[in-house]
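# Notes for the structure review
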Amino acid sequence: MIEFKMPSLGADMEAGTLREWLIKPGDSVKRGDIIAVVDTQKGLIDIEVFDEGTISELLIKENEKVPVGMVMALIASDKEAVVKKEEKIPEQHTEEKKPVEKIMAAEVPHGIKASPLAKRIASEKGIDLMAVKGTGEGGAITKEDVENAIAEKMAPKEEKKMAVTENIRMAVAAAMSKSNREIPHYYLETKADMSKALAWLIEANKQRTVKQRLLPVVLLLKAVAKALTEVPDLNGYWENGLQRKTDINIGFVVSLRTGGVMIPAIHNADKKSIDELMASLNDVISRARAMKLRSSELSESTFTVTSLGEDNVETVYGLIYPPQVAIAGFGSITEQPWAETGMLDVRPVMNITLSADHRATDGATGSRFLKAVKNNLLNPGEL
Amino acid sequence: MNDNNTIKLTYREAIKQAIREALQKDEKVFLMGEDVGRYGGAFAVSKGLLQEFGPERIMDVPLSESGFVGAGIGAALNGMHPIVEVMTVNFSLLAMDQIVNNAATLLHMSGGQMNVPVVIRMSCGIGRQLAAQHSHSWEPLFAHIAGLKVLSAGTHEDARGMLLTALQSPDPVIIFEYTFLLNKEAEIPANAGAVDITKAKVLREGKDISIITYGAAVYKTLDAAKELATTGVDAEVIDLRVLRPLDEATIFNSVKKTHRALLVEEAWNSVNVSSEVSARIMENVFYELDAPVQRLGGVEVPIPYPKHLEEASVPQLADIMNKVKKMLQHD
């Protein structure tokens, strides 16, 4: 039996609330199917399954809060016979009701002062006690406080949206604090002459419809992806040592209009063509802004790219998104005096930075990476 | 009797009526104790009964608690239904061996052959400036003992009715009466008589907090609940009545409704009846609690003689109100 567990959708995530099962026992699923919607600090996330088989049992009820790593469903791989499924499931489901307390124990972090009744109601209604202010004796959270929180949750959607943005703010705050606290960053910076790249883009876009048109940023992503194949030490996680990743999934920082950022992953960026990359980028940016990302897109990026090019910023020094080990930053393309082979010229120039984890790599590695990116941008035709 | 079919009487008179009715109904019933006959009882509870029923049924005994309680147990073993009066709980320690090792255990030791249908009444508690050796509240000591049924008459109705039902029991029953209440007047139904002795009683219904009490604290708690109502707090008051075995259902149902429990009694706070009730609430209805269970018991000192200090040594109306307010407090 395959266990389907609550995935971690970011270093800062401890638990998520199951909002909806999109499948039922007996349904067959394959890798990549979206089977559940989970509410996290980052909003509602579609959760994918990575195995193939038949759903045998749903262990978690909708609106239950589930810690990361807890088994949510059992999937019978197609080889296993699904025995007596029909009779068994409803029965086991009622039996599963009892351990409500167990889940609650995982949910309520130490130090929260709440009455047993308040905890019970919160657990039943999927209320996060961390977010409830206690008004009882000594600041304890009481039944009344939880009921007020439930009433707030039921309030019109407009207000709920506000809560989501606040949650995103808190998620960004947590991740970046961890980054700044734990990761010894080193910073490298270089300038790239973008004239060839821009010229190539103009040519390329002539053959494309408005909808298909390429933006400079797609070249940057491609240049980074290719550079990472040459410098694999920057593509991975720092978890008890450097863990290199074989897939190159580039997380692209998307600023939300309401504040905060989302970092959807573009999977296998090195293997995608420029046009495929552009399509992926358009897709994830719009979905990120609509808060409709898939779980794999939130959790599987192996390297991050941030670009503030549109905003006239010349240089951006990024903070690494843990547990990754590096982030590349791209500034805006501006005309600058450019000295080359003894001659002075004016060229479109872009500042590229790399912030990398000094535990995982040293400056020399970072330097090779920047050199590779720069080379790639000088030869856009080969991307 | 008045228009509402109630009569007004003192707690003392209620006990006397109960004893008289028991003596009239069953000739196997008799009263024995120190000064119960010619003197009319240390607290004048049995005044006049000697003249009415004669010395065989109203029996003065020597000052030997172990001796006369043992005699009562012997009479019960031989088919009588004795009411043994131990003048006050303070002297009951001298009879403790008879109560614990004989009355409470003989049914078990005889393999179920020998019931001990004895009823032992004793006066209990503080309130008359009788100082440390004559003011004990020892209900918890007796409530601890397996084999006994332990009753506490905190109201006039129970003073009037508990004895009659206790005499029907095939096994030993201890009834606590309260010196403090003897002169207190109250109205009870004109036809009041035998009462149930298995259940606690909700004396006042409320939804905000359950105040669970017994004995001399019952009327104080009811007064406190009345005062609290004027401040918007709707308190439920439960008189435990039966201290052993505890009526869990009534307690739990109330806590499930109010989600808060305050336990009030006059016995010293450590290891008292409230300790047991609190533990059972925790064990059984923990997830219904919206605040920690609180106890308000006697201050842990030998009971002082001066009136103001005596009053300060047990929970008073203001203490109950303050505690409730604190438990319900919201910022």
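Residues numbered from 1 in each chain as written. Chains lettered and ligands numbered in written order. Predicted model: local features only at pLDDT ≥ 70, side-chain atom pairs only at ≥ 80, totals over all residues.

### Describing helix H7 (residues 216–230) of chain A
Look at H7(A): 22 Å from first C-alpha to last across 15 residues, which is about the 21 Å you get at 1.5 Å a residue. Regarding H7(A), the residues found buried are A:Val218, A:Leu219, A:Leu220, A:Leu221, A:Lys222, A:Ala223, A:Val224, A:Ala225, A:Ala227 and A:Leu228. (Helix = DSSP H or I, 4+ residues; strand = E, 2+ residues; numbered from the N terminus. Expected span 1.5 Å × (residues − 1). Buried ≥ 20, exposed ≤ 12 C-beta atoms within 10 Å, placed from the backbone.)

### Some details on the pairing of strand E13 (residues 261–268) of chain B
Residues and elements named next belong to chain B. With respect to burial, E13 is a largely interior element, 7 of its 8 residues being buried. Bridge count between strand E10 (residues 209–213) and E13: 4 bridges; the pairing is parallel. If you follow Thr 213 over to E13, its bridge partner there is Val 264. Handedness of the E13-helix H10 (residues 273–285)-strand E14 (residues 294–298) crossover: right-handed. (Pairing = 2+ DSSP bridges. Right-handed = clockwise from strand over helix to strand, strands pointing away.)

### A few points about the environment of A:Pro380
Residue and element names in this part refer to chain A. Assignment of secondary structure puts Pro 380 in the segment after helix H10 (363–378). When the 20 C-beta atoms within 10 Å are taken as the criterion, Pro 380 is described as buried. Leaving out residues up to four positions away in the same chain, Pro 380 has contacts with Lys 196, Ala 197, Trp 200 and Leu 219. (Contact = placed C-beta atoms within 7 Å.)

### What to know about the interface of chain B and chain A
With 12 residues of chain B at the contact, the number on the chain A side is 11 residues. Partitioned by chemical class, the residues of the side of chain B that touches chain A number 5 nonpolar, 3 polar and 4 charged. (Nonpolar A, V, L, I, M, F, W, Y, C, P; charged D, E, K, R; others polar.)

### Remarks on the sheet that holds strand E5 (residues 43–48) of chain A
Residues and elements named next belong to chain A. Pairing within the open sheet is antiparallel, and its 4 strands lie in the order E5-E4-E2-E7. Two strands bound the open sheet, and with one partner strand each, they are E5 and strand E7 (65–67). Strand-to-strand twist across the sheet, computed as the mean angle between neighbouring axes with direction ignored, equals 40°. Where strand E2 (residues 15–21) and strand E4 (residues 34–40) come together, 4 bridges link them in antiparallel fashion. (Axes fitted to C-alpha atoms, helices over the stretch in contact; angles between N-to-C directions.)

### Observations regarding the nonpolar core
In this structure, B:Leu151, B:Leu163 and B:Ile175 are the most contacted members of the largest nonpolar core, which totals 113 residues. If near-sequence neighbours (up to four positions away) are discounted, B:Leu151 is found in contact with B:Met162, B:Ala166, B:Val173, B:Ile174, B:Ile175, B:Phe176, B:Ile197, B:Arg241 and B:Val242. Counting 70 residues, the second largest nonpolar core, distinct from the first, contains A:Met6, A:Ile45, A:Ala73 and A:Ile75. (Core = buried A, V, L, I, M, F, W, Y, C linked by C-beta atoms within 7 Å.)

### Re the confidence of the model for chain A
All names here are of chain A. Per-residue confidence for chain A gives a mean pLDDT of 83; residues scoring 70 or more make up 89%. Within chain A, helix H2 (residues 100–107) has the poorest average pLDDT of any element, 41, and strand E9 (residues 185–193) the best, 94. Note on residues 82–108: pLDDT under 50 across the span, and 23 contacts to partners over four residues away in sequence or across chains. (pLDDT = per-residue confidence, 0-100.)

### Things to note about the packing of helix H3 (residues 116–125) of chain A against helix H4 (residues 143–154) of chain A
All names here are of chain A. Put simply, H3 and H4 touch, their axes get as near as 8 Å, and they point 20° apart. With respect to H4, the element H3 is oriented roughly parallel. Considering the relative orientation of H3 and H4, their crossing is right-handed. Contact with H3, carried on its side by Leu 117, Ala 118, Ile 121, Ala 122 and Lys 125, involves Lys 143, Asp 145, Val 146 and Ile 150 of H4 and no other residues of that element. For the contact of H3 with H4, a count of residues per class yields 6 nonpolar, no polar and 3 charged. (Parallel < 35°, antiparallel > 145°, perpendicular 65-115°, else oblique. Left-handed = near helix turned anticlockwise from the far one by under 90°.)

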